[in-house]
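# Structural overview for review
Below are the chains, spelled out letter by letter.
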Amino acid sequence: MTRYIVKRVLLAIVSVFIICAITFFAMNAIPGGPFNSEKALSEATKQVLEQRYNLDKPVPVQFVLYLKNLLHGDFGVSLKTGRDIKDTLFSCFKVSGRLGLTAAVLAVIAGIILGSMAALFRNGPIDRIIVFFTTLFTAMPSFVFATFLMLVFCIKLRWLPVWDASSKSLILPVIALAAYPTAYVTRLTKTSMLDSLGQDYIRTARAKGVPMVKVIFKHALRNALIPVITYVGPMLAYILTGSLVVENIFTIGGLGQQFVKSINNRDYPMIMATTIFLAVVMVICNLLSDIAYKVVDPRITLD
Amino acid sequence: MEAKKNPLSMQIDPALFEAATDDEKRQADVMSESTTFFKDGMRKLMKNPLAVGSIIVLLLIIITITVAPLIVPYSYSEIIKVNGRRDRSNKNLAAFEYSEMEQKYIEEGGEVFPHILGTDSLGRDYFIRVVYGARISLTVGLFASILVLIIGVIYGSIAGYTGGRTDLIMMRIVDIIYSLPDMLIIILLATVLQPILENTNNPIVNALGTNMICIFIVFGLLYWVGMARLVRGQILTIKNNEYILAAKSIGAKPAHIIRKHIIPNCISVIIITTALQIPSAIFTESFLSFIGMGVNDPMPSLGSLANSAREGLQTYPMQLVYPAVLIVLIVLAFNLLGDGLRDAFDPKLRSK
C-alpha cells in the first residue's frame, strides 16, 4: 500500500517536472525574444534587461532558475500587463475553482442518481430516456452544448441575461461543463450497479429478508460507486479543459479565459504559468483519485 | 424354424423399420455453413439497428461531402458574385434565400444556384463551407487515428513482445505521457509550433496550414499511448499461448511471430479502438478550432464555423446550428458504430 502510494507520488512528481520542462523548452524554441519589439532597444538597455531576467545565461541554467522561482511561487511577470502572474493566477483560479467544483459535484450526484435509476428500472421507459440522453451528451462537445444553452435560454427564451456578473449567471456554465461528466458517471454507475445487483451477496441479503431499499443503498450502490471514484480525476481534468471554452463563451473571468487570452496575446510567461498551474492541478487530482481508489478497494491492483 | 427370442434380448427386429426418404435425409444435414470470424462479426453488426443506422448516416455524410463540391458551383473561400459583379446584399442570407441582386438577375432570366444553407457574414455560400468543414474534420479524425494506430501498435507490440527491462522502461514512458494533461500540451505545442512552422517555406506545410500539422504532430506525440497500452496487454496474454511456443520452437523470427500470430489475434481490439479514436480526434480538432487554434482561415472546419457563428448568434443562430448538429451527428455515429463493432467483434464479450 505504502509502496504503491510512494510510486504514484514519484510518478506524479516526474510528470510535473516533465510538464515544466516541455513548457519551458517549448517556449524557448519560439523564435524571437521578449525584447524584440517594434521599438528597437539600445544594445546597453537590452543587455541590462537580459541580465535582469537572466536571459543572458545558457538555456539549461535558465531552466533551473525558472524551476527555483516556481518552487518559491514566483511565476514571473506578464508581458502584456506587467503585473505579477501569481496574483492574476490565484484570483482567476478562485472563479474557475468555484465553477469547476460546482460542476463536478453536480455531475457526480446527478450521475449516480440517474445511473442507479437506469440500472434499477432496466429496459423501462426511464432507462430508455436516460440512455438516450447519455449517448447524446457523450457525443456533444462542451462548446456546442454551451452555445446551444446560450442560444435557447439567453436569446430565445430570455430567461437569463447573456452576460451578468452576478452568481446567478453561473447556472448555464455549470450545466454546460457538467453535461459530459454527468453522462459518463451515469454510464459508469449503471454498468457497475447492474454488475453488483447480479452478485451473490445481493441475493443473500434479499433471501434473509432485507428490504429492497436497504439492499440497494447498503450493498449494491456502495460497491457500484468504486469505479466512479477512478473517474473523478479524469473528470476534473475534463472540466478544467472544458472551462477553457465555456468560460470564453459565457465571458467568465477565470483561468480558462485567461489562458485563451494569453495565447491570443502571445503572452508567453502567462501561457507557461497557466499551463504549469493547470497541469499540476490535474496531476494532483489524478493522484488523489488513484490513491482513493486503492484505499476504498484493496482488491484492486493497478499495475 | 426360428429360434425363440429371449424377451430381454436387445436384438432389434429390422422388419419394424423403414428407409428414410431423401427429404428426411436432408433435414439431418448441418443447416448453417461454416463462417469466418469476419463474416460472423459482420452478421452480428448488421443485426444491430444502431450500428446499421450509424453506418447509413456516415455513408450519407461521406457521399454528400464528396459529391456536393462537384455540383455546387461555389468554393469555400469564394465571395459570391452575381454575373461577375460584386453583390453587397448577399450577407447572412437564410437557407434557400436569394439576395436582392440575385433576385433581379433571376427575373432577367439568369440562373443562380440556390444557397442551400444561406450565406455567411462575408457572403460566402454556407453549405459548401459546412461541407468542406465536415471534410476537414473527418480527414483529421481519420488520419490522426491512423497515426495513433501505427505508432501505438508498433510501440505496444515491441514492449509487450520483448518484455523484461525494455518493457518496464517503455511502459514507464507511456505512464508519464498518459498522466500529462493532453489538451493543455496540445494547446501549448500548437502555440509553439505555429511561429516555428510559419517561418519555414515547406510546400507541404503551406498546403496543409500550420495548425493542421500541429494537430497531427501532437496526435502522434500524445494520443498513441492508450493504443500502446492496449496492444501490449493483448500481446502479453497471447504471448503465453502454446502455438507461439510451437512457432518459436521451429525457429520463427520475432517479426514473423508478431505479424503472423499476434497481430491477427488482437486485430479486433485494435480496429474497435481505432473506430472509437476517430470521434475523439474530431472532438479535439473541433475544440482547437473553436478556440482559434485549428485550421487556418479561410479553410473551414466544423469547430471554426461554430466559433465564427458565435458573433452573430443573436441574429443568425442557424449558422451555429448547422455545423454543431453535424459534429454531434458524426461523433454520435462513430461512437455507436464503435460500440456495435465491439459487441460484434470482441471475442471476450461473445458469450454474453
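Residues numbered from 1 in each chain as written. Chains lettered and ligands numbered in written order. Predicted model: local features only at pLDDT ≥ 70, side-chain atom pairs only at ≥ 80, totals over all residues. Heavy atoms only, no water.

## Points about the overall build of chain B
For clarity, the cut-off: A run of H or I in DSSP counts as a helix once it spans at least four residues, and a run of E counts as a strand once it spans at least two, with each numbered from the N terminus. Atoms counted for the radius of gyration: C-alpha only. Globule rule: 2.2 Å times residue count to the power 0.38. Areas reported here follow the Shrake-Rupley algorithm with a probe of radius 1.4 Å; residue values treat only the protein chains shown as occluding. In this tally Asp and Glu are treated as negative and Lys and Arg as positive; neither His nor the chain ends contributes. For the purpose of locating charges, the reference atoms are NZ of Lys, CZ of Arg, CG of Asp and CD of Glu.
Assigned secondary structure in chain B consists of 13 helices and 2 strands. Taking 20 Å as the expected radius of gyration for a compact globule of 352 residues, we find that chain B reaches 30 Å, considerably beyond that expectation. Overall, chain B is about 115 × 60 × 35 Å in size when its C-alpha atoms are taken along their principal axes. For chain B, the accessible surface area stands at approximately 19,100 Å², while carbon and sulfur atoms represent 62% of it. For chain B, the distance from the average site of its 31 positive side-chain charges to the average site of its 30 negative ones is 10 Å.

## A short note on the confidence of the model for chain B
All names here are of chain B. Here is the rule we go by: Every residue is assigned a pLDDT by the predictor, reflecting its confidence on a scale from 0 to 100.
Of the residues in chain B, 91% have a pLDDT of 70 or more, and the chain-wide mean is 80. Within chain B, the element-level pLDDT minimum falls on helix α8 (residues 203–208), averaging 66, and the maximum on helix α3 (residues 49–71), averaging 90. For this predicted complex, the interface score ipTM comes out at 0.77, alongside a pTM of 0.79.

## Details of the interface of chain A and chain B
Let me state the cut-off plainly: By the convention used here, residues are in contact when the closest approach between their heavy atoms is within 4.5 Å. By buried area we mean the combined loss of accessible area, with a 1.4 Å probe, across both parts when two parts are placed together. Every case where a carboxyl oxygen of Asp or Glu lies within 4 Å of a side-chain nitrogen of Lys or Arg is listed as a salt bridge. The term polar contact refers here to a pair of N or O atoms within 3.5 Å; inside protein, the definition further demands a hydrogen-donor-capable atom paired with an acceptor-capable atom, and it admits residues adjacent in sequence only when both atoms are side-chain atoms. Three categories are distinguished: nonpolar for Ala, Val, Leu, Ile, Met, Phe, Trp, Tyr, Cys and Pro, charged for Asp, Glu, Lys and Arg, and polar for the others, with Gly belonging to the last.
Contact residues are listed per partner, giving 45 residues for chain A and 38 residues for chain B. When the two sides are added together, the surface that chain A and chain B hide from each other amounts to roughly 3,600 Å², 83% of it contributed by carbon and sulfur. One can count 0 salt bridges joining chain A with chain B. Our count for the contact surface shared by chain A and chain B stands at 0 residue pairs in polar contact (both at pLDDT 80 or more). Sorting the residues of the side of chain A that touches chain B by element identifies α1 (2–29), α5 (125–138), α6 (142–156), α10 (226–249), α11 (255–265) and α12 (268–296) of chain A as the ones contributing at least two each. In terms of residues, the side of chain A that touches chain B owes the most to one element, α1(A), which gives 11 residues. Residue composition of the side of chain A that touches chain B, by class: 33 nonpolar, 8 polar and 4 charged.

## Remarks on the packing of aromatic side chains
This is how it is decided: Working definition: a ring pair exists when centres of Phe, Tyr or Trp rings (six-membered ring for Trp) sit within 6.5 Å. Plane angles under 30 degrees give stacked, over 60 give edge-to-face, the rest tilted. We call a residue buried when its accessible area falls under 20% of the maximum for its residue type, exposed when it is over 50%, and partly exposed in between, using a 1.4 Å probe and counting protein chains only. The criterion for a charge sitting over a ring is simple: Lys NZ or Arg CZ within 6 Å of the ring centre, and within 35 degrees of the ring normal.
Counted by the stated rule, this structure contains 16 aromatic pairs over all chains. Their ring planes at 80° and their centres at 5.0 Å tell us that A:F93 and A:F277 sit as a pair that is edge-to-face. Here A:F93 is found in helix α4 (residues 85–120), whereas its partner A:F277 is found in helix α12, with 184 residues between them in sequence. Relative accessible area serves as the criterion here: at 26%, A:F93 is assigned to the partly exposed category. Aromatic rings pair up to connect A:F17, A:F24, A:F25, A:F63 and A:Y66 into one cluster. The aromatic ring of B:Y132 is capped on one face by B:R135, whose charged end is 5.1 Å from the ring centroid.

## Thoughts on the environment of B:Y98
Considering the arrangement of structural elements, one finds B:Y98 in the loop between β2 (85–86) and α4 (100–107). Taking the C-alpha atoms as reference points, B:Y98 and B:R229, separated by 131 residues in sequence, lie 55 Å from one another.

## Some points on the packing of α10(A) against α11(A)
Helix-helix packing is described using two parameters, namely the angle between the two axes and the distance between the axes. All names here are of chain A. Quick reminder of the rule: Helix axes use the C-alpha atoms of the stretch in contact, all axes being lines fitted to C-alpha atoms, and the angles between their N-to-C directions lie in the range 0 to 180 degrees. Reported orientations rely on four angle classes, namely roughly parallel under 35 degrees, roughly antiparallel over 145, roughly perpendicular from 65 to 115, and oblique for the rest.
Viewed as axis vectors pointing N to C, α10 and α11 meet at an angle of 90°, and their least axial separation amounts to 7 Å. Considering their axes alone, α10 and α11 lie roughly perpendicular with respect to each other. The segment α10 lies against α11, with S243, L244, E247 and N248 engaging L255, G256, Q257, F259 and V260.

## Regarding α10(A)
Residues and elements named next belong to chain A. Let me state the cut-off plainly: A helix is expected to span 1.5 Å multiplied by its residue count minus one.
A rise of 1.5 Å per residue sets the reference length of α10, with its 24 residues, at 34 Å; its end C-alpha atoms lie 34 Å apart and thus fit the reference within 8%. Within α10, 18 of the 24 residues are buried, leaving the element largely enclosed by the surrounding structure. Looking one or two places after α10, you find T251, whose phi comes out positive at around 45°.

## Focus on the pattern of salt bridges
Scanning the model with the defined rule gives 8 salt bridges over all chains in all. A salt bridge links A:D127 to A:K190; the shortest N-O distance between them is 3.3 Å. One end of the pair, A:D127, is in helix α5; the other, A:K190, is in helix α7 (residues 171–197), with 63 residues separating them in the sequence. Residues B:D339 and B:R342 are paired through a salt bridge, measuring 3.0 Å at the closest nitrogen-oxygen approach. Of this pair, B:D339 and B:R342 both sit in helix α13 (residues 318–345), 3 residues apart, which is roughly one turn of that helix. On the accessibility criterion, B:R342 (32% relative accessible area) is partly exposed. Look at the salt bridges and you will find they share partners, linking B:R172, B:D175 and B:R229 into a network.

## Describing the packing of α6(A) against α10(A)
Residue and element names in this part refer to chain A. Quick note on the threshold: The crossing is said to be left-handed when, going from far helix to near helix, the turn is anticlockwise and less than a right angle, and right-handed when the turn is clockwise.
Packing of α6 against α10 brings their axes to within 9 Å, and their N-to-C directions diverge by 40°. Comparing their axes, α10 and α6 come out oblique. Crossing of α6 over α10 shows right-handed handedness. Between α6 and α10, the contacting residues are S142, F143, A146, T147 and M150 on the first element and Y238, G242, V245, V246 and I249 on the second. Of the residues contributing to the contact of α6 with α10, the split by class is 7 nonpolar, 3 polar and no charged.

## Looking at the environment of A:I216
For A:I216, the position within the fold is in helix α9 (residues 212–224). For A:I216, the residues in contact, after removing those within four places along its chain, are A:L120, A:M193 and A:L221.

## Considerations on the nonpolar core
Inclusion rule: As used in this record, nonpolar core signifies buried Ala, Val, Leu, Ile, Met, Phe, Trp, Tyr and Cys residues forming a set joined through side-chain atoms within 4.5 Å.
Formed by 180 residues in total, the largest nonpolar core has its most connected members in A:F250 and B:I187. Among all residues touching B:I187, those that are not within four sequence positions of it are A:L244, A:F259, A:I263, B:F287, B:L288, B:I291 and B:M293. Counting 7 residues, the second largest nonpolar core, distinct from the first, contains B:I272, B:A275, B:L341 and B:A344.

## Examining the side chain of B:S157
Considering the arrangement of structural elements, one finds B:S157 in helix α5 (residues 126–162). Leave out the neighbours within four places in its chain, and B:S157 touches B:T162, B:V231, B:I235 and B:I258.

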